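What the coordinates show
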Amino acid sequence: MIKEDDPLKYLSDFAKSHANIGFSNLGLCEVDNVIFSRLSYLDFSAHIKKSIKEAAEDFTYTPESETTRQNKNIVRSEELLRLLGTTERYKNVRISDFTELSGNSETAFSATVFGLNNGTSYIAYRGTDDKITGIYEDAELAYSFPIPGQLAALSYTNKILKSESTEFFLGGHSKGGNFALFSYIFLNEKSRIIRVYNNDGPGFPKELAKILFTKENCAKIINLAPEDSIVGRMLEDGGKNVIVKSSAIGAGQHNVFTWITNGEKFERAEKFSAISEYVEQTLSESLETISPVDMRKAAESIYEIAVKSGIESTKDINRKSYSSILQSLIQILKSEDNAADEFSVIIKTLIRNLLDSEDIEKYISDRLAENIPEIGDGSEMRKQIIEFLQRNGKNKESNKK
């Protein structure tokens, strides 16, 4: 049951007020976009080809006795699904596809395709969940481009566009928003994309953003971010920026359930808050001196602790695991002279991307050219990316001296 003071009320109020308005009468709006982005955090593997109504009826919900602070947003998403299944607007939306890469220590990726009943579809890319793999991949953004999750998102999007003939919206929350941006920028069939929504997700490094966010690409991109946004301002964005109001403060505004709705849109704020501006500026300045090598070492150290401690998700971090975490930490501290500095770095790696530029030509050939065929030997974009990485490499070398 949705309580009056529960932030889920904003999305649920919209669903109720628009319950009898089909997508044929009112196409997908920015609140719908956030609803589908939030639903992508659920496991729909057993509900492919079902309607929202059927999925809601068949879904295995989290028992109330197992509701915790850590899984509260998942429980809210389940409650939202249950509500949507009762409305005319959403009940016939079809879960036309779902994918989740699991059991892979390098890649965290999941996406759900929602087929609307007006001949369009929405591909929702999941953001970071509680799995250690996903958190590690967030840190990996600090020293690798593209990361495996981005490539998985692009490959999946191309596959879906080949298998379905409709037009598409792309969107996601947090890292899922970044996946939506990446997929669109390197997509084969941009003409079939209606709009791209980045819901408080990071963009790309400044110089790289200048290459990727062309006028053509930016025309379809909308970035939604709350006043106190931190994650959404980690890197440079492109497209239209929309600042929304939230019922929370600080980092709590990253939770889309707290975004205040106003009709088919969210309530607007005039500008980012002083907190958001301060964090964005100070983090940008401090990270300029951190080398990609240190970024990698920090991320690998944290991941090593998790593996040695038997931690697969944040749910496994409890009092019983503290002793094994401490033992792993002591071993890493003994083996790394600058480990203390690295652990302060890892917090920053979750905030901003830097690129690892070792062996530029091989990197481009192996990672970009193979995975993104559009960037061939003679393409201007490939040339610009190589030049960017070369400059980044020179900066890294100078920082070592």
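Below is a summary of the structure that appears in this document.

With that settled, consider the nonpolar core. Ile35, Phe36, Leu39, Phe44, Leu81, Phe114 and Leu224 are the most contacted members of the largest nonpolar core, which totals 41 residues. Put simply, the parts of the chain that give this core at least two residues each are helix 1 (8–17), helix 2 (30–39), helix 3 (52–58), helix 4 (72–84), strand 1 (94–101), strand 3 (120–125), strand 6 (221–226) and strand 7 (240–244). It is helix 2 that contributes the most residues to this core, 5 residues altogether. Excluding residues within four positions of it along the chain, Leu81 makes contact with Leu39, Leu42, Phe44, Ile52, Ala55, Ala56, Phe59 and Tyr61. Grouped together as the second largest cluster of nonpolar side chains are 34 residues, Ala111, Leu151, Phe168 and Ile211 included.

So, on to the pairing of strand 4 (residues 167–173). For strand 4, the tally of buried residues reaches 6 of 7 residues, placing the bulk of the element in the interior. Bridge analysis of strand 3 against strand 4 gives 6 bridges, and the strand direction is parallel. Bridged to Thr120 within strand 4 is Glu167. Bridging between strand 4 and strand 5 (residues 193–199) involves 6 bridges; their strand directions are parallel. Note on strand 5: the bridge partner recorded for Phe169 is Arg195.

The next subject is the environment of Val231. By secondary structure assignment, the location of Val231 is in the loop between strand 6 and strand 7. It is 8.6 Å that separates the C-alpha atoms of Val231 and Ala251, two residues lying 20 residues apart in sequence.

Here we come to the packing of aromatic side chains. Tallied over the full model, the rule gives 13 aromatic pairs. For the ring pair Phe44 and Phe59, a centre distance of 6.1 Å and an interplane angle of 65 degrees mean the geometry is edge-to-face. Of this pair, Phe44 sits in the loop between helix 2 and helix 3 while Phe59 sits in the loop between helix 3 and helix 4, and the two are 15 residues apart along the sequence. Residue class for Phe59 comes out buried when judged on its relative accessible area of 11%. Among the aromatic residues, those joined into a ring-pair cluster are Phe23, Phe36, Phe44, Phe59, Tyr61, Tyr90, Phe114 and Tyr122. Between the NZ or CZ atom of Arg89 and the centre of the ring of Tyr90, over which it lies, the distance is 5.9 Å. One residue, Lys190, lies across the ring of Tyr184, its end atom 5.6 Å from the ring centre.

Moving on to the pattern of salt bridges. Throughout the structure, instances matching the rule amount to 10 salt bridges. Between Arg82 and Glu79 there is a salt bridge, and its shortest N-O distance comes to 3.9 Å. You can see Arg82 and its partner Glu79 sitting in helix 4, 3 residues apart, about one turn around the helix. The class for Arg82 is partly exposed, based on a relative accessible area of 39%.

With that out of the way, let us pick up the sheet that holds strand 4. Strands sit in the order 1-2-3-4-5-6-7 across an open sheet of 7 strands; the sheet is mixed. In this open sheet, the two edge strands, each paired with only one partner strand, are strand 1 and strand 7. Averaged over all adjacent pairs, the angle separating strand axes in this sheet is 15 degrees, with direction ignored. Bridging between strand 5 and strand 6 involves 4 bridges; their strand directions are parallel. Among the inter-strand pairings, Asn199 is bridged to a residue of strand 6, identified as Leu224. Together, strand 2 (109–115), strand 3, strand 4, strand 5 and strand 6 form the strand contacts of helix 7 (residues 175–185), whose direction differs from that of strand 5 by roughly 150 degrees.

Among the 6 residues in strand 3, 6 count as buried, and that is most of the element. Examined bridge by bridge, strand 2 and strand 3 share 5 bridges and lie antiparallel to one another. What sits directly across from Gly115, in strand 3, is Ser121. Hairpin connection, strand 2 to strand 3: the antiparallel pair is bridged by 4 residues, and Gly119 has positive phi, about 85 degrees.

Rules behind the numbers
Residues numbered from 1 in each chain as written. Predicted model: local features only at pLDDT ≥ 70, side-chain atom pairs only at ≥ 80, totals over all residues. Heavy atoms only, no water. Core = buried A, V, L, I, M, F, W, Y, C linked by side-chain atoms within 4.5 Å. Buried < 20%, exposed > 50% of the residue type's maximum accessible area, 1.4 Å probe, protein only. Helix = DSSP H or I, 4+ residues; strand = E, 2+ residues; numbered from the N terminus. Contact = heavy atoms within 4.5 Å. Pairing = 2+ DSSP bridges. Phe/Tyr/Trp six-rings, centres within 6.5 Å; stacked < 30°, edge-to-face > 60°. Lys NZ or Arg CZ within 6 Å of the ring centre and 35° of its normal. Salt bridge = Lys/Arg side-chain N within 4 Å of Asp/Glu carboxyl O. Axes fitted to C-alpha atoms, helices over the stretch in contact; angles between N-to-C directions.

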